[in-house]
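Residue-level structural notes
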Amino acid sequence: MKNFKKKILLLGSDKFETIKLKKIFGSESFTSKFDDCSAIIAFTRRDLENMLYQNLDFSKINWFHLPGAGIENYLDFIKSHININFTNGKVIQGPQVADHAMALLLSLTRKTYYITKYGQNKPFDFRPIELNDKKALVVGYGGIGKSIVARLFGFGCKVDVVNFNQNISKIDQRIDNHFYFSDIGKAVSLADFIFIAIPKTKLTNKLFDDKLFKKFKKNSILINVTRGKIICTN
């Protein structure tokens, strides 16, 4: 890594991220001009998409690192630039997204959103929910899903997962049940909390529709930390 010879252009990086990368690659490996670079590391989707909309000549680029795990919005660009090596953050963001997923769950179960909205003097509409021994389902067992499983287990939840990969090489002892995609209806019917941690594909687009929602337990909680279009909001 330290002998990296390409000129790298950073998109959307903050001061601390830039310092960290310069320690790894060396300060001489970076440029602030697109015309001088042969590699691009994008930190934010906004900065990346602003660049793509400019119809620039990417013929000199041989490495492009995309932000995040989901790349469905960039598939046309990837297919039209087959000479570029593309990478993306498939696992590295798992812990922070899982932290956010738990924050969303706790805001509901501990009623923190209710206090923020109405103040401390308004009586709760229902008592806070204890997570211990509740059944949680994580739909998707990639980098984000595995991180969510670890956090749920720490709270004392009984955890199931829906795995889209039929070849499970290592069983996580913190998981009670592995369901395959074909059994997702049964899986959601058992869960108090359901987390969506899958990418948007042709298979998962509007996967959570009216038919699947009717199989949910009453008063169950659904938390989506990946793509909005996995849920049919109609």
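Since we're looking at a predicted model, the values are computed, not measured.

1. Details of the nonpolar core
Grouped together as the largest cluster of nonpolar side chains are 23 residues, with contacts concentrated most on L105, V138, I148, L152, F193 and F195. Of all the secondary structure elements, the ones that give two or more residues to this core are helix 4 (94–109), strand 6 (135–139), helix 6 (143–154), strand 7 (158–163), strand 9 (193–196) and strand 10 (221–224). If one sorts the elements of this core by residue count, helix 4 sits on top with five residues. Not counting the four nearest positions on each side in its chain, L105 is found in contact with L131, L152, F193, F195, I221 and I223. One finds V162, F179, I196 and I230 within the second-largest nonpolar core, a separate group that totals 17 residues.

2. Structural notes on the sheet that holds strand 3 (residues 39–42)
Spatial strand order, 2-1-3-4-5: five strands in an open sheet with parallel pairing. Only two strands of the sheet have a single partner each, and these edge strands are strand 2 (30–31) and strand 5 (85–88). Alignment of strand 1 (residues 8–11) against strand 3, held across four bridges, turns out to be parallel. Counted as the bridge partner of L11 is A42 from strand 3. This element, helix 2 (residues 45–52), spans strand 1, strand 3 and strand 4 (63–66) of the sheet and lies at about 120° to strand 1.

3. A look at the packing of helix 4 against helix 6
Where helix 4 meets helix 6, the axes come as close as 8 Å, and the angle between the chain directions of the two elements is 50°. Considering the angle they form, helix 4 stands oblique to helix 6. In terms of crossing hand, the pair formed by helix 4 and helix 6 is right-handed. Across from G94, P95, V97, A98, D99, A101, M102 and L105 in helix 4, the residues of helix 6 making contact are G143, I144, S147, I148, R151 and L152. Partitioned by chemical class, the residues of the contact of helix 4 with helix 6 number nine nonpolar, three polar and two charged.

4. What about the pairing of strand 3?
Of the two faces of strand 3, the one lined by A39 and I41 and the one lined by I40 and A42 are each fully buried. Relative to strand 4, strand 3 runs parallel, the two being bridged by three bridges. Bridge pairing in strand 4 places A39 opposite W63. Since strand 3 and strand 4 lie parallel, the crossover through helix 2 that links them has a hand, and here it is right-handed.

5. Side note on the sheet that holds strand 7
The sheet built from five strands is open, its strands ordered 8-7-6-9-10 with parallel pairing. Every interior strand has two partners, whereas the edge strands, strand 8 (175–180) and strand 10, have only one. For this sheet the average axis-to-axis angle between neighbouring strands, irrespective of direction, equals 20°. Helix 4 contacts strand 9 and strand 10 of the sheet and is inclined by roughly 150° relative to strand 10. Along the sheet, helix 6 contacts strand 6, strand 7, strand 8 and strand 9; its crossing angle with strand 6, the most-contacted strand, is approximately 170°.

Calculation rules
Residues numbered from 1 in each chain as written. Predicted model: local features only at pLDDT ≥ 70, side-chain atom pairs only at ≥ 80, totals over all residues. Heavy atoms only, no water. Core = buried A, V, L, I, M, F, W, Y, C linked by side-chain atoms within 4.5 Å. Buried < 20%, exposed > 50% of the residue type's maximum accessible area, 1.4 Å probe, protein only. Helix = DSSP H or I, 4+ residues; strand = E, 2+ residues; numbered from the N terminus. Contact = heavy atoms within 4.5 Å. Pairing = 2+ DSSP bridges. Axes fitted to C-alpha atoms, helices over the stretch in contact; angles between N-to-C directions. Parallel < 35°, antiparallel > 145°, perpendicular 65-115°, else oblique. Left-handed = near helix turned anticlockwise from the far one by under 90°. Nonpolar A, V, L, I, M, F, W, Y, C, P; charged D, E, K, R; others polar. Right-handed = clockwise from strand over helix to strand, strands pointing away.

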